[in-house]
Amino acid sequence: MADWSVTLHNSIHDIPAQEWADCAGPDNPFVSHDFLSALEDSGSVQRETGWLPRHVCLHSPDGQLAATCPAYLKGHSWGEYVFDQGWARAYEAAGGQYYPKLQIAVPFTPAPGPRLLVHPSAPPETRAVLADALRQICADTGLSSAHVTFCTEGDSAVLAQRGWLPRLGVQYHWHNRNYATFDDFLATLSARKRKNIKRERRDANNAGLTFETLQGASITPADWQAFYQFYQNTIDRKWGSAYLTPEFFPLMAQRLGERVVLMLARHGTTPVAAALNLMGTNTLYGRNWGCEGNWPFLHFELCYYRAIDFAIAHGLQRVEAGAQGEHKIQRGYLPSLTHSAHWLQSPPLREAVDRFLQAERPAMQAEAQTLSTLSPYRQDSTP
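The structure displayed is predicted, hence computed values, not measured ones.

S.K.: So what about helix H1 (residues 17–24)? Which residues, and what values?
M.R.: For H1, the complete set of buried residues consists of Trp20, Cys23 and Ala24. Down the axis of H1, the smallest arc covering the buried residues is 95 degrees, so these residues share one side. On its buried side, H1 packs onto helix H2 (33–41), strand S3 (55–59), strand S4 (65–69) and strand S7 (117–118). Count one or two residues on from H1 and you reach Gly25, which has phi positive near 75 degrees.

S.K.: Let's hear about the environment of Leu302: which residues, and what values?
M.R.: For Leu302, the location among the structural elements is in helix H10 (residues 298–313). The spatial distance from the C-alpha of Leu302 to the C-alpha of Ala368 is 25 Å, given a sequence separation of 66 residues. The contact partners of Leu302, leaving out residues within four places of it in the chain, are Phe211, Met263, Leu264, Ala265, Ala273, Ala274, Ala275, Trp289 and Ala307.

S.K.: Lay out the packing of H2 against helix H9 (residues 248–256) in plain terms, naming residues and giving numbers.
M.R.: At a minimum axis distance of 9 Å, the contact between H2 and H9 shows a crossing angle of 150 degrees. With respect to their mutual orientation, H2 and H9 come out roughly antiparallel. In the packing of H2 onto H9, the handedness of the crossing is right-handed. Two secondary-structure elements touch here, H2 through Asp34, Phe35, Ser37, Ala38, Leu39 and Asp41 and H9 through Phe248, Leu251, Met252, Arg255 and Leu256. Class assignment of the residues belonging to the contact of H2 with H9 gives a composition of seven nonpolar, one polar and three charged.

S.K.: Pulling in residues and values, what's your account of the packing of helix H7 (residues 191–205) against H10?
M.R.: Where H7 meets H10, the closest approach of the two axes is 11 Å, and the angle between their N-to-C directions is 115 degrees. If you check the angle between H7 and H10, you find them roughly perpendicular. Here the hand of the crossing between H7 and H10 comes out left-handed. Note on element contacts: H10 touches H7 through Phe300, Glu301, Tyr305, Arg306 and Asp309, opposite Ile197, Glu200, Arg201, Ala204 and Asn205. The residue inventory of the contact of H7 with H10, partitioned by class, reads four nonpolar, one polar and five charged.

S.K.: Provide a residue-level description of the sheet that holds strand S1 (residues 5–9), including the pertinent values.
M.R.: Spatial strand order, S1-S3-S4-S7: four strands in an open sheet with antiparallel pairing. Lying at the two open borders of the sheet, with one neighbouring strand each, are S1 and S7. The pairing of S1 with S3 spans five bridges and is antiparallel. Pairing of Val6 across the sheet is with Leu58, part of S3. Taken strand by strand, helix H4 (residues 126–141) contacts S1, S3, S4 and S7, and its axis lies near 130 degrees from that of S3.

S.K.: Describe in detail the packing of aromatic side chains, supporting the description with residues and values.
M.R.: Throughout the structure, instances matching the rule amount to 25 aromatic pairs. Residues Tyr91 and Tyr98 carry aromatic rings whose centres are separated by 6.5 Å and whose planes lie at 75 degrees to one another, so their mutual orientation is edge-to-face. Looking at Tyr98, the relative accessible area reads 0%, which means it is buried. On the basis of an interplanar angle of 10 degrees and a centroid distance of 4.8 Å, the ring pair of Phe108 and Tyr243 is categorised as stacked. Taken together, the positions of Phe108 in the loop between strand S6 (101–104) and S7 and Tyr243 in the loop between helix H8 (221–237) and H9 put the pair 135 residues apart, joining distant regions of the chain. Ring pairing ties together the aromatic residues Phe30, Phe35, Trp224, Phe227, Tyr228, Tyr231, Phe248, Phe249 and Tyr285, which thus form one cluster.

S.K.: Summarise the side chain of Lys101; cite the residues concerned and give the values.
M.R.: If you trace the backbone, Lys101 turns up in strand S6. Among the polar contacts listed, one links the side chain of Lys101 to the side chain of Glu80, at a separation of 3.0 Å.

S.K.: Explain the pattern of salt bridges to me, and be specific about the residues and the numbers.
M.R.: Considering all chains together, one arrives at 16 salt bridges under this definition. A salt bridge links Arg266 to Asp223, with the nearest nitrogen and oxygen atoms 3.1 Å apart. Residue Arg266 is found in strand S11 (residues 260–267), and its partner Asp223 is found in helix H8; the two are separated by 43 residues along the sequence. One exposure class covers both Arg266 and Asp223, and it is buried. For the salt bridge of Glu301 with Arg306, the shortest nitrogen-to-oxygen distance reads 2.9 Å. Judged by its relative accessible area of 0%, Glu301 falls in the buried class. One network of salt bridges, in which partners are shared, links Lys74, Glu80, Asp84 and Lys101.

S.K.: I'd like to hear about the sheet that holds strand S9 (residues 165–175), residue by residue, with values.
M.R.: Pairing within the open sheet is mixed, and its eleven strands lie in the order S2-S5-S6-S8-S15-S9-S14-S13-S12-S11-S10. With one partner strand each, in any of the chains shown, strand S2 (51–53) and strand S10 (210–215) form the two edges of the open sheet. Neighbour to neighbour, the strand axes of the sheet diverge by 30 degrees on average, direction disregarded. As paired strands, S10 and S11 are joined by six bridges and run antiparallel to one another. When the bridges of S11 are listed, Thr213 appears paired with Met263. Sheet strands in contact with H9 are S11, strand S12 (270–279) and strand S13 (283–291), and its direction is about 45 degrees off that of S12.

S.K.: Lay out the environment of Gly257 in plain terms, naming residues and giving numbers.
M.R.: Secondary-structure assignment places Gly257 in the loop between H9 and S11. Between the C-alpha atom of Gly257 and that of Pro296, which follows or precedes it by 39 residues, the distance is 31 Å. Those residues in contact with Gly257 that sit more than four places away from it in its chain are Gly216 and Met252.

Each value, and the rule that gives it
Residues numbered from 1 in each chain as written. Predicted model: local features only at pLDDT ≥ 70, side-chain atom pairs only at ≥ 80, totals over all residues. Heavy atoms only, no water. Buried < 20%, exposed > 50% of the residue type's maximum accessible area, 1.4 Å probe, protein only. Helix = DSSP H or I, 4+ residues; strand = E, 2+ residues; numbered from the N terminus. Arc of directions from axis to C-beta. Contact = heavy atoms within 4.5 Å. Axes fitted to C-alpha atoms, helices over the stretch in contact; angles between N-to-C directions. Parallel < 35°, antiparallel > 145°, perpendicular 65-115°, else oblique. Left-handed = near helix turned anticlockwise from the far one by under 90°. Nonpolar A, V, L, I, M, F, W, Y, C, P; charged D, E, K, R; others polar. Pairing = 2+ DSSP bridges. Phe/Tyr/Trp six-rings, centres within 6.5 Å; stacked < 30°, edge-to-face > 60°. Polar contact = N/O pair within 3.5 Å; in protein donor to acceptor, adjacent residues only side chain to side chain. Salt bridge = Lys/Arg side-chain N within 4 Å of Asp/Glu carboxyl O.

See below:
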C-alpha cells in the first residue's frame, strides 16, 4: 500500500456525489450518495444514534479515487441484522473493549449489495488493497474490529483471501422468469400453493380496501406522515428502536425520485397500511412496512404479491423481501445465501470467532438447502 492513500470522511458530503456515483454504479440504490446523504441529513445517522460516519476513500498511486465504501464507527450492534453481540460479550468478559468498531454497511438495511465500491477503471488489485486498508484502519486507530455486512459474494471472496472471516446468512428472494403476468407465475406453482395464493389475494382485495402503487413525486407529504406512523407501529410491536426519523422518508423520496415505490392501502380515504420498496436496475427491494388494524392477508398482498406484480410489469429480475420469514417460501420467495466478512484485531478473539464460523457455515448452507425443499414450485418448473 506504500503508493496508495486512504482518507476517512465524517460525512458523505465530503465526497463529491459524482465521484461516489462513479464508484458505486447505478444498480443498487442503497449505496447511492442520495440514499446515504438522506440518512445523514435527516438525523437518522449520527453520533447520538451510534452510527458515526467514517466513510473510506482509497486513492490509487496516480492520485485518482479508486474505491470508496460507506463506513461507520459503531458504539453498539443494533440496526445491522448480522449479529455479533455474543462476540462482544466474550471479548469484554476477557477484558477487551469491543466498541467502537468499524462497520462497512448501509445502516438499518439488510439488503445485499456491493460494499467495496470500486471505480470501473481502477487497477485490478484495488479490492484487495481496500480490504487491507480497512484492516490497517483498525490497527492505526485502536478499533477492535471491522465488519463488512450484506456484501456481494465477490466482495466476500476477496476479503476472505486477505484474511477476513466470511459469514453466511439466509434471505428469501423471488426470481422473475420472464413472466408476462402474475398468472404466469402462478402457473409454475403446485396446484395447492396456487390455490392458496389466489385465496389470500382474493380475501385481501375483498376486505373493503383500495390499493395504490405510488412512485417518487406522486407520494404526498400526507402519505409519508401516515407511513411514518405505520413504521412506528411495526417498531413498537417488535420492541425495537425507530432510528429513521420522520424527515428521512420524504427526503429520501425527493432525492431518489422514481426509484422509491410505496404500496399503499386505504380504507375509504384513510391510509391503513403501506410497504416501502426501492427499485434498482434489476431488483425491487422491500424495506419497511406497517399497518393499523387487522386486515386479512394484507401483509402478504402489500409486501409480496404487489411487489411481484410490480417486478413483472417493470421487467425486474428479482424481488428481495428483506430479512427473516420462512413463510415467504410458500409465496414463491426462495432461500438465498447472504454474505458478510469480519476482521477482528485480537488474535485470540479472531481464532475463537473463526472456529464458531467454521461450524456455522455448513449449518447455514444445510439450512438453505433444506428450506429449498419446501419450494412451492412444480418439479418441472423449479427456478
